[in-house]
Amino acid sequence: MTITFASQSISLDGFSAGPQISDRDPMGVGGERLHDWMFATPTGSAVGVDADLKRRELERTGAVVIGRTMYEVGLPIWKDTPYPRPTVVLTNRPEEPVTMPGGTFTFASTAEAAHEQARLAAGDRDVLVLGGATTIQAFLAAGLIDELTLQLVPLLLGGGTRLFANLPTDFSARLTVTDVAPSAAVTHLTYRLSA
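Rules behind the numbers
- Residues numbered from 1 in each chain as written.
- Predicted model: local features only at pLDDT ≥ 70, side-chain atom pairs only at ≥ 80, totals over all residues.
- Heavy atoms only, no water.
- Salt bridge = Lys/Arg side-chain N within 4 Å of Asp/Glu carboxyl O.
- Helix = DSSP H or I, 4+ residues; strand = E, 2+ residues; numbered from the N terminus.
- Phe/Tyr/Trp six-rings, centres within 6.5 Å; stacked < 30°, edge-to-face > 60°.
- Buried < 20%, exposed > 50% of the residue type's maximum accessible area, 1.4 Å probe, protein only.

Attention now goes to the pattern of salt bridges. All chains considered together, the criterion is met by eight salt bridges. The shortest N-O distance in the salt bridge between R93 and E72 comes to 2.5 Å. Separated by 21 residues along the polypeptide, R93 in the loop between strand 4 (87-90) and strand 5 (98-100) and E72 in helix 2 (residues 68-78) bring together distant segments of the chain. One connected set of salt bridges, linked through shared partners, spans R68, E72, R93 and E95.

As structure tokens, then:
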């Protein structure tokens, strides 16, 4: 059965991006360090538990959802979709689809519409809500996330974009830990979300 899961690296103080996101600092000042675990080797790939997680994530993903900021800041870097999959951009400024080598970007103005597009594109695979934080928050608020995978990075950013901002105080009661996988660089935490 197709599920919708979100995956996000966060700092110990709860930030999924550093302050002052810009073309120069697409993850905010210091935020790029949140993803160091994915590029641990000289060839730019993850190792061990970290590599296994990324491989399983890619294998199960049929479509991806990202936000407008991630699209605008990421596209010049990726020069393609973030994963070689159809990608839906949640935005209040929809546009015509953009076809890239790895997949097509389509656009939706609500979390529900983005979710429906992604589910159709995913086929029998899962939908990955990759972010940023505002997009994941919109999906959480709409009750569209079945599973949440966090990569807890031993880093204090001291400011930036909080992943769990604007959620109700009882949100944590919906989380059940289903897996914990530590590595030398990061701790992978997987939660199931109840309705």
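Tallied over the full model, the rule gives three aromatic pairs. Centroid distance Y71 to F105: 4.9 Å. Interplanar angle 70°. Geometry classified as edge-to-face. Here Y71, found in helix 2, pairs with F105, found in strand 6 (residues 103-108); they are 34 residues apart in sequence, far enough to count as distant. Using a relative accessible area of 7% as the deciding quantity, one classes Y71 as buried. For the pair F164 and F171, a centre-to-centre distance of 5.9 Å together with 35° between the ring planes defines the contact as tilted. For F164, a relative accessible area of 32% translates into the label partly exposed. Overall, the relative accessible area of 8% leaves F171 in the buried class. Taken together through their ring pairs, the aromatic side chains of Y71, F105 and F107 make up a single cluster.

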